[in-house]
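Spelled out, the chains give:
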Amino acid sequence: WEGDRCKYCGASRAQYQRDGGLETHAYEFIHTNNPEEIFNMKFDVIIGNPPYQLSTTANSDGRIAAVQAQPIFQKFVDQSIRIRPNYLSMIIPARWYNGGIGLDDFRDEMFKDGRLVELYDYQNSADCFAGVG
């Protein structure tokens, strides 16, 4: 924690105390400085559809604030890169092209990374996810 915020994802303490029925196992991956130690193995390929965003509707004191979704998908991509697989394929929102809301550094790193080989931009999300607008 840095103050009342998670130093890895920016969630407030109130947000991090999630309902027990919600999925949380994927979040361990972004809440570590050494993701390679979680698995203790070499990956040839990583394919993922990480959680896209974290709702930021509560203030640090738990009161409801303005709704703004904070992206977290880039943290999964960054951690996957740190594991150094031979191939990495992720389904992520195209909004990272524009940057903003914590995505500027991610955008710059992706476009500078010489390993980025192919990029597919689906204008219609239903082409990948039936029933999703």
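Values in this document were obtained by computation on a predicted structure and should not be read as measured data.

Caption draft 1: The arrangement of the side chain of Thr-32 in detail. Looking at where Thr-32 falls in the secondary structure, it is placed in the loop between α1 (13-16) and α2 (36-39). For Thr-32, a relative accessible area of 18% corresponds to the buried category. In this structure the side chain of Thr-32 is engaged in a polar contact, spanning 3.2 Å, whose partner is the backbone nitrogen of Asn-34. Ignoring sequence-local partners within four residues, the contact set of Thr-32 consists of Tyr-8, Ile-38, Gln-79 and Arg-82.

Caption draft 2: Spotlight on the nonpolar core. Cys-6, Cys-9, Ala-11, Ala-26, Tyr-27, Phe-29, Ile-30, Ile-46, Leu-54, Ile-72, Phe-76 and Ile-83 form the largest nonpolar core, which has 12 residues in total. Counting residues in hydrophobic clusters, the runner-up holds six residues, among them Phe-73, Val-77, Trp-96 and Phe-106.

Caption draft 3: Region of the structure containing the packing of helix α3 (residues 73-83) against helix α4 (residues 104-112). At a minimum axis distance of 10 Å, the contact between α3 and α4 shows a crossing angle of 40°. As far as their axial angle goes, α4 and α3 are oblique. Like other packed secondary-structure pairs, α3 and α4 cross with a definite hand, here left-handed. Of α4, the residues touching α3 (which contributes Phe-73, Gln-74, Val-77, Asp-78 and Ile-81) are Phe-106, Glu-109 and Met-110.

Caption draft 4: Main features of the packing of aromatic side chains. Scanning all chains against the criterion turns up eight aromatic pairs. Centre to centre, the rings of Phe-29 and Phe-39 are 6.0 Å apart; their planes meet at 55°, and the pair counts as tilted. Of this pair, Phe-29 sits in the loop between α1 and α2 while Phe-39 sits in helix α2; the two residues are 10 residues apart in sequence, bridging distant segments of the chain. What makes Phe-39 partly exposed here is its relative accessible area of 34%. The interplanar angle of 85° and the centroid separation of 5.3 Å between the aromatic rings of Phe-39 and Phe-43 together place this pair among those described as edge-to-face. Linked through ring pairs, Tyr-52, Phe-73, Trp-96, Tyr-97, Phe-106 and Phe-111 together constitute an aromatic cluster.

Caption draft 5: Quick look at α4. When we look at burial in α4, the residues that qualify are Phe-106, Arg-107 and Met-110. One face of α4 carries all of its buried residues, which in axial projection span an arc of 100°. Across from the buried face of α4, at angles greater than 90 degrees, the exposed residues are Asp-105 and Lys-112. Its buried side turned inward, α4 meets α3.

Caption draft 6: Examining the environment of Phe-76 more closely. Along the chain, the position of Phe-76 falls in helix α3. Judged by its relative accessible area of 6%, Phe-76 falls in the buried class. Spatially, the C-alpha atoms of Phe-76 and Asn-49 are 9.2 Å apart, while their sequence positions differ by 27 residues. Non-local contacts of Phe-76, meaning those with residues more than four positions away in its chain, are made with Ala-26, Phe-29, Ile-30, Pro-50, Pro-51 and Met-90.

Caption draft 7: Inspection of α3 at higher detail. What α3 keeps buried is the set Phe-73, Gln-74, Phe-76, Val-77, Gln-79, Ser-80 and Ile-83. Immediately beyond the C-terminal end of α3, within one or two residues, lies Arg-84, with a positive phi of roughly 65°.

Conventions we followed
- Residues numbered from 1 in each chain as written.
- Predicted model: local features only at pLDDT ≥ 70, side-chain atom pairs only at ≥ 80, totals over all residues.
- Heavy atoms only, no water.
- Helix = DSSP H or I, 4+ residues; strand = E, 2+ residues; numbered from the N terminus.
- Buried < 20%, exposed > 50% of the residue type's maximum accessible area, 1.4 Å probe, protein only.
- Polar contact = N/O pair within 3.5 Å; in protein donor to acceptor, adjacent residues only side chain to side chain.
- Contact = heavy atoms within 4.5 Å.
- Core = buried A, V, L, I, M, F, W, Y, C linked by side-chain atoms within 4.5 Å.
- Axes fitted to C-alpha atoms, helices over the stretch in contact; angles between N-to-C directions.
- Parallel < 35°, antiparallel > 145°, perpendicular 65-115°, else oblique.
- Left-handed = near helix turned anticlockwise from the far one by under 90°.
- Phe/Tyr/Trp six-rings, centres within 6.5 Å; stacked < 30°, edge-to-face > 60°.
- Arc of directions from axis to C-beta.

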